[in-house]
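The primary structure of each chain is shown beneath.
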Amino acid sequence: MRKLRSRQRPDSHVNERRTNKRSLGRWIYLAMLFAIGLGVADYAWGDFVILRAPGLVLQERIDVEAQYIGRLDELPLRIGQTVHTGDVLGVVSSVEISERLAQLSLRVAELTRQAIEKQEQMNIAKNLLPIAKVRVAEARAVKDNLTQLSGKGLAPADRVLEALTENNSAEEMLIRLEAQIRSHPAMREALQPAIDRVRTTVDNLTALYDDGIMRSPVDGIIDSKLPAKGDVFLTGEKILSVYTGPKYVLAYLPAHNLFPVKVGEEVRLESGQETLAGRIVEVLAVTDTLPVEFQNTFKPAERSQLARIIIADGGSFPLHTKVRVTRPNQSLETVTSFFTGAWRTALSLFASRAMATPRNA
């Protein structure tokens, strides 16, 4: 008889090779735990090692303030408009300045009239002075003759009294004319400076008012906050602002860092859409509280030291852009690339071993 198939003895067991299947989920779980731990460590102590300072893009701001109480009548501007020195920013009318100019003009007219009257009086006095001298001489001669005749009893008393009165009147007129001529230079010296001061005040006030036209003091761009027509401004109150000069970044340095920043150090400025190079030109000896947009709800508000950073490479960010200041650390990027490559290699190795594992029929 031919044996059709071999039967396996029930008391014998063939050793089956068990495949060593490593769970990929376990590695993913460990990676997630590592990432969470790294995130917690970075949140708690990352600022001690890595420079991540918030900053704002700023420019020098020139405030255009009201020089007098006035109402804004015209404002031919738009937000972000570029202006040059001397360009018209708006027209402000002021009743107070108009009344003041009218009063000063009237005062100049009065003082000028007084000066003209004094000069006319001086001219009249000079013309009357020779006549007054002749009158005095004649009055003295008549008085002397009547006095001699009165001593001889040949002249009546009333005629002598009349001669004395005429002589005194002539003497008084001569004294007045001479005093008026002598005092004229002093009066002119006292009156002319007053006229000059009032005229100077009128000129300065006219130049300041300039028919209410506001002009740009510098080259720059207009701020985003513009007043409305009809607004009334008090003296010294800000009307609008003009930003001028090169843009810079005002950075808020962390309070504690193992590697403090230094003047002249190269940094990176990241705005989320663009990354530019920068250089620290000044570390200010003052601190300030972080702006509201940088504050963390879960952390108390702290005061940070300020640093001034210029933007290199000829690039620029929009004004008031939020940026993050970091160091261009190439070694950190190398470590990151190494761990990324190692992780991809491990995944490929595990996948190839799983495919090469033999399976029993």
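Rules used throughout
Residues numbered from 1 in each chain as written. Predicted model: local features only at pLDDT ≥ 70, side-chain atom pairs only at ≥ 80, totals over all residues. Heavy atoms only, no water. Helix = DSSP H or I, 4+ residues; strand = E, 2+ residues; numbered from the N terminus. Polar contact = N/O pair within 3.5 Å; in protein donor to acceptor, adjacent residues only side chain to side chain. Contact = heavy atoms within 4.5 Å. Pairing = 2+ DSSP bridges. Patch = residues over 30% accessible without salt bridge, like charges linked within 9 Å, V, L, I, M, F, W, Y side chains within 5 Å. Areas by Shrake-Rupley, 256 points an atom, 1.4 Å probe, with all protein chains shown as cover. Salt bridge = Lys/Arg side-chain N within 4 Å of Asp/Glu carboxyl O. Buried < 20%, exposed > 50% of the residue type's maximum accessible area, 1.4 Å probe, protein only. Expected span 1.5 Å × (residues − 1). Bend = angle between axes of the 7 residues up to and from the residue. Phe/Tyr/Trp six-rings, centres within 6.5 Å; stacked < 30°, edge-to-face > 60°. Core = buried A, V, L, I, M, F, W, Y, C linked by side-chain atoms within 4.5 Å. Axes fitted to C-alpha atoms, helices over the stretch in contact; angles between N-to-C directions. Parallel < 35°, antiparallel > 145°, perpendicular 65-115°, else oblique. Left-handed = near helix turned anticlockwise from the far one by under 90°. Nonpolar A, V, L, I, M, F, W, Y, C, P; charged D, E, K, R; others polar.

Draft legend 1. Here's a closer look at the side chain of Thr-321. Considering the arrangement of structural elements, one finds Thr-321 in the loop between strand S11 (303-311) and strand S12 (322-326). Of the polar contacts made by the side chain of Thr-321, one reaches the backbone oxygen of Pro-318; its length is 2.5 Å. Dropping the residues within four chain positions of it, Thr-321 is found in contact with Gly-55, Leu-56, Val-57 and Ser-271.

Draft legend 2. Spotlight on the pairing of S12. Across 4 bridges, the pairing between strand S1 (residues 53-65) and S12 is antiparallel. When the bridges of S12 are listed, Leu-56 appears paired with Lys-322. Note that strand S9 (residues 266-270) and S12 share 3 bridges and pair antiparallel. By the bridge assignment for S12, Leu-269 is matched with Val-325.

Draft legend 3. Up close: a nonpolar patch on the surface. The grouping of Leu-24, Ile-28, Met-32 and Leu-347 at the surface amounts to a nonpolar patch, some 350 Å² of accessible area in total. Ranked by the residues each element gives to the nonpolar patch, the list is headed by helix H1 (residues 24-49), at 3 residues. Mapped onto the fold, Leu-347 is located in helix H4 (residues 330-356). Judged by relative accessible area, which is 31%, Leu-347 ranks as partly exposed.

Draft legend 4. Broad picture of the environment of Gln-114. By the element assignment, Gln-114 lies in helix H2 (residues 95-151). In sequence terms Gln-114 and Arg-188 are 74 residues apart; their C-alpha atoms lie 9.9 Å from each other.

Draft legend 5. The arrangement of the sheet that holds strand S7 (residues 232-233) in detail. The 4 strands lie next to each other as S5-S4-S2-S7, forming an open sheet whose pairing is antiparallel. Looking at strand neighbours, the two that pair on one side only are strand S5 (213-215) and S7, the edges of this open sheet. Bridge analysis of strand S4 (residues 88-93) against S5 gives 3 bridges, and the strand direction is antiparallel. In the strand pairing of S5, Val-88 is matched with Arg-215.

Draft legend 6. Broad picture of H2. Helix length check: H2, at 57 residues, gives a terminal C-alpha distance of 78 Å against a target of 84 Å (1.5 Å per residue), a fit within 8%. Approximately 35° is the largest bend angle found in H2, and it occurs at Leu-128, with the proline Pro-130 only one to four residues beyond. Of the residues making up H2, those classed as buried are Ile-97, Leu-101, Leu-104, Val-108, Leu-111, Met-122, Ala-125, Leu-129, Ala-132, Val-136, Ala-139 and Leu-146. In the core, the buried residues of H2 are packed alongside helix H3 (157-209). Capping the start of H2, Ser-94 holds a side-chain oxygen 3.2 Å from the backbone nitrogen of Ile-97, two or three residues further along.

Draft legend 7. Representation of the packing of aromatic side chains. All chains considered together, the criterion is met by 2 aromatic pairs. Ring centres of Tyr-252 and Phe-294 lie 6.5 Å apart, and the angle between their planes is 50°; this geometry places the pair in the tilted category. With Tyr-252 in strand S8 (residues 238-253) and Phe-294 in the loop between strand S10 (275-289) and S11, this pair connects stretches of sequence that are 42 residues apart. In this pair, the class of Tyr-252 matches that of Phe-294, namely buried.

Draft legend 8. Looking closely at the nonpolar core. Core analysis: the biggest nonpolar cluster contains 27 residues, and Leu-77, Leu-89, Met-214 and Leu-240 have the highest contact counts within it. Those elements that provide at least two residues to this core are S4, H2, H3 and S8. Among the elements that line this core, the one with the most residues is H3, at 7 residues. By size, the runner-up hydrophobic cluster in this structure holds 17 residues, among which are Ala-307, Ile-309, Phe-317 and Val-323.

Draft legend 9. Just the pairing of S4, in detail. Here strand S2 (residues 70-74) pairs with S4 via 3 bridges, running antiparallel. Of the residues in S4, the one forming a bridge with Glu-74 is Val-91.

Draft legend 10. Seen up close, the side chain of Thr-244. By secondary structure assignment, the location of Thr-244 is in strand S8. Looking at Thr-244, its side chain comes within polar contact range of the main-chain oxygen of Asp-219, at 2.5 Å.

Draft legend 11. View of H3. Taking 1.5 Å per residue, 53 residues should reach 78 Å; H3 reaches 74 Å between its end C-alpha atoms and fits that length. By the largest-angle criterion, Ser-183 marks the main kink of H3, which is about 35°, and a proline, Pro-185, follows within four residues. At the exit of H3 stands Asp-210, carrying a positive phi of roughly 50°.

Draft legend 12. Looking closely at the pattern of salt bridges. On inspection of all chains with the given rule, the structure shows 11 salt bridges. Put simply, Arg-176 and Glu-172 hold a salt bridge, and the shortest N to O gap is 3.1 Å. Of the two residues, Arg-176 and Glu-172 are both situated in helix H3; the distance of 4 residues between them amounts to about one turn of the helix. Its relative accessible area of 52% is what places Arg-176 among the exposed residues. With its nearest N and O atoms 3.4 Å apart, the salt bridge here joins Arg-268 to Glu-270. We classify Arg-268 as partly exposed; its relative accessible area is 29%. Salt bridges here are not isolated pairs; linked through shared partners, they connect Arg-268, Glu-270 and Arg-324.

Draft legend 13. Structural context of the packing of H2 against H3. Two elements in contact, H2 and H3, have axes separated by 5 Å at closest approach and are oriented at 165°. Comparing their axes, H3 and H2 come out roughly antiparallel. As H2 runs across H3, the sense of the crossing is left-handed. Of the residues assigned to the contact of H2 with H3, the class counts are 31 nonpolar, 13 polar and 13 charged.

Just distances and angles here, no functional claims.
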